[in-house]
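Notes for the structure review
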Amino acid sequence: MTTVLEYIAAVRAQGDLTPLLAAMPYAQFMGFSVAVEGDDLITSMRYGPHLVGNPSLPALHGGTLGALLEAAAAFKLVWASETVVLPKTITITIEYTRPARPVDTHARAIITRQGRRVASLRVEAYQDERDNPVASANVHFLIKRDD
Amino acid sequence: MSEPAPPPPDDEDEAERERKRARRRAWNFGFSENVPHNRALGMVVEDIDDNWARLRLPYDVRLVGNPETGVLHGGAITALLDACSGAAVFASLDRMQPIATLDLRIDYLRPGEVGRDVVARATCYHLSRNVGFARAVAYHDSEDHPIATAAGTFMIATTPGTGRKP
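The structure displayed is predicted, hence computed values, not measured ones.

**Structural notes on helix α1 (residues 4-14) of chain A**
Buried within α1 of chain A are the following residues: Val4, Tyr7, Ile8 and Val11 of chain A. All buried residues of α1 of chain A fall inside an arc of 95° around its axis, so they share one side. For α1 of chain A, exposure combined with an orientation more than 90 degrees from the buried face picks out Ala13 and Gln14 of chain A. In the core, the buried residues of α1 of chain A are packed alongside α2 (18-22) and α4 (62-80) of chain A together with β3 (64-66) of chain B. Glycine 15 of chain A sits one or two residues past α1 of chain A and shows a positive phi near 70°.

**Digging into the interface of chain A and chain B**
With 33 residues of chain A in contact, the opposing surface of chain B contributes 31 residues. Across the chain A to chain B interface the summed buried area is about 2600 Å²; carbon plus sulfur atoms make up 63%. Counting the contacts that link chain A with chain B gives zero salt bridges. Counting across the interface, chain A meets chain B through twelve residue pairs in polar contact (both at pLDDT 80 or more). Those elements that place two or more of their residues in the side of chain A that touches chain B are α1, α3 (25-30), β3 (52-54), α4 and β5 (88-96) of chain A. Sort the elements by how many residues they give to the side of chain A that touches chain B and β5 of chain A lands first, with eight residues. Residue composition of the side of chain A that touches chain B, by class: 20 nonpolar, eleven polar and two charged. In this sheet, strand β5 (residues 99-108) of chain B lies alongside β5 of chain A in antiparallel orientation, the contact comprising five bridges. If you follow isoleucine 94 of chain A over to β5 of chain B, its bridge partner there is leucine 104 of chain B.

**Some details on a positive patch on the surface**
All names here are of chain A. Together, Arg113, Arg116, Arg117 and Lys144 give the surface a local cluster of positive charge. Its place among the elements puts arginine 113 in strand β6 (residues 105-114). By relative accessible area, which is 46% here, arginine 113 ends up partly exposed.

Each value, and the rule that gives it
- Once a new chain begins, its residue numbering starts again from 1 and follows that chain's sequence as written.
- Think of it this way: whatever chain is written first is A, whatever ligand is written first is 1, and the rest follow in order.
- Only residues with pLDDT of at least 70 are given local features in this predicted model, and only at 80 or more are side-chain atom pairs given and counted; all residues enter the totals for whole chains, interfaces and linings.
- Calculation of side-chain values draws on the structure's entire complement of heavy atoms; hydrogens and water are dropped beforehand.
- Working definition: with a 1.4 Å probe on protein chains only, accessible area under 20% of the residue-type maximum means buried, over 50% means exposed, and in between means partly exposed.
- Only DSSP runs of H or I with at least four residues qualify as helices, and only runs of E with at least two residues qualify as strands; both kinds are numbered from the N terminus onward.
- Throughout, the arc means that of the directions going from the helix axis to the C-beta atoms.
- In this analysis, two residues are considered to be in contact whenever any of their non-hydrogen atoms come within 4.5 Å of each other.
- In short, buried area is how much 1.4 Å probe accessible area vanishes from two parts on joining, totalled over both.
- Salt bridges are defined by distance alone: a side-chain nitrogen of Lys or Arg within 4 Å of a carboxyl oxygen of Asp or Glu.
- Polar contacts, as used here, are pairs of N or O atoms within 3.5 Å; protein pairs need one atom able to donate a hydrogen and one able to accept it. Residues neighboring in sequence count only if both atoms are side-chain atoms.
- Under the convention adopted here, Pro, Cys and the residues Ala, Val, Leu, Ile, Met, Phe, Trp and Tyr are nonpolar, Asp, Glu, Lys and Arg are charged, and Gly plus all remaining residues are polar.
- Note on pairing: DSSP must find at least two bridges between two strands before they are called paired.
- Residues qualify for a patch when their relative accessible area is over 30% and they have no salt bridge, like charges being joined within 9 Å and the nonpolar side chains of Val, Leu, Ile, Met, Phe, Trp and Tyr within 5 Å.
- What sets the accessible areas is the Shrake-Rupley method with a 1.4 Å probe; for residues, cover comes only from the shown protein chains.
- Under the convention used here, Asp and Glu are negative, Lys and Arg are positive, and both His and the chain ends fall outside the count.
- Think of each charge as sitting on NZ of Lys, CZ of Arg, CG of Asp or CD of Glu.

Following this line, the structure appears as C-alpha cells:
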C-alpha cells in the first residue's frame, strides 16, 4: 500500500494530486477533484443530490461547503509548499455569504502565512462567478510531524 | 403482614419520557427526510430538547480522510457540528422558521479514533430576534475529552407569507 507520505512525495515530484485524492475515500464521497489553472490549484466539488442541505430552496448543506473549503486549503498547501506531511487542521473559520445552488462548486486558496510549524490560508468557494463567493474560510494547519 | 407499598405511579415521568421519544422520532424523521446530506452521512438525532441537541455520526469508511490511518476527514466533523448547532437553534425557536449558517468556527483538538462513532452536543445559548448563537462539542465518550469544539451563528429567516419579521 502506498503511504500518504509517498503520495505527497509524488505530488512534489509530478505536481499531480489526483492519485492522493483517489486514495482518499472522503474525497470520492464528496466528488472532489483538482485542476491546475496557471499558478492556482482549483478544487471542485461535483454536484450530487447527497450534498443538499435544504431541498426546498434548494441549497447545498453548509457542511459540504466547509468540507470543500478545508480540503481545498489542504490540497493547495500540499501542492504549493514544501510541506511533506498531510496538513492537520487546527482551526477553520467559515463564513457563509449566500445560499449555494445545487451545481458544481469550486474553491481557490491563497497561502497567507507559511511558518515552520503552522501555515495559514484564505480560501473562497464559488459557483459560476469567481468574484461572487458563496462561502469563504480562514484555515490554520499544523504542518510539523508529531514524531 | 402487608406487602411493601409499590412505588407510586410515575405518570409524569413516563409521560415526559414518551414526549421526548416522540420528539426524537419526529426530529429524526425530519432530519434525514428533509436534509439529504445528513442522511448520506448517516447522522442520527440521539436527543433534543428546548435549546440543545445531541447527534451521532457513525464511523464509516466512506468518510475517511487519511487512507493510511483511517481517521475521518474533518469535513464530516464540520457537517456534524454544523447540523448539530443548527438543530439546537431550531429547537430554541417557538415555531418552524428556516435558518441559515452565518459563520462557524471549529477548533480541532485531537484526531478522532478509528472505528468509533463521533457524537456532537450543541447548545443554543442565546437567541435574538434575528440570530441564534450556538456552541458545540464533538467527542467519542465524554464532552470532557473533546475531538473538536465549535461556535456558530445562525440567521433566522423571515417567514414567507406573513410579511413580518419574526
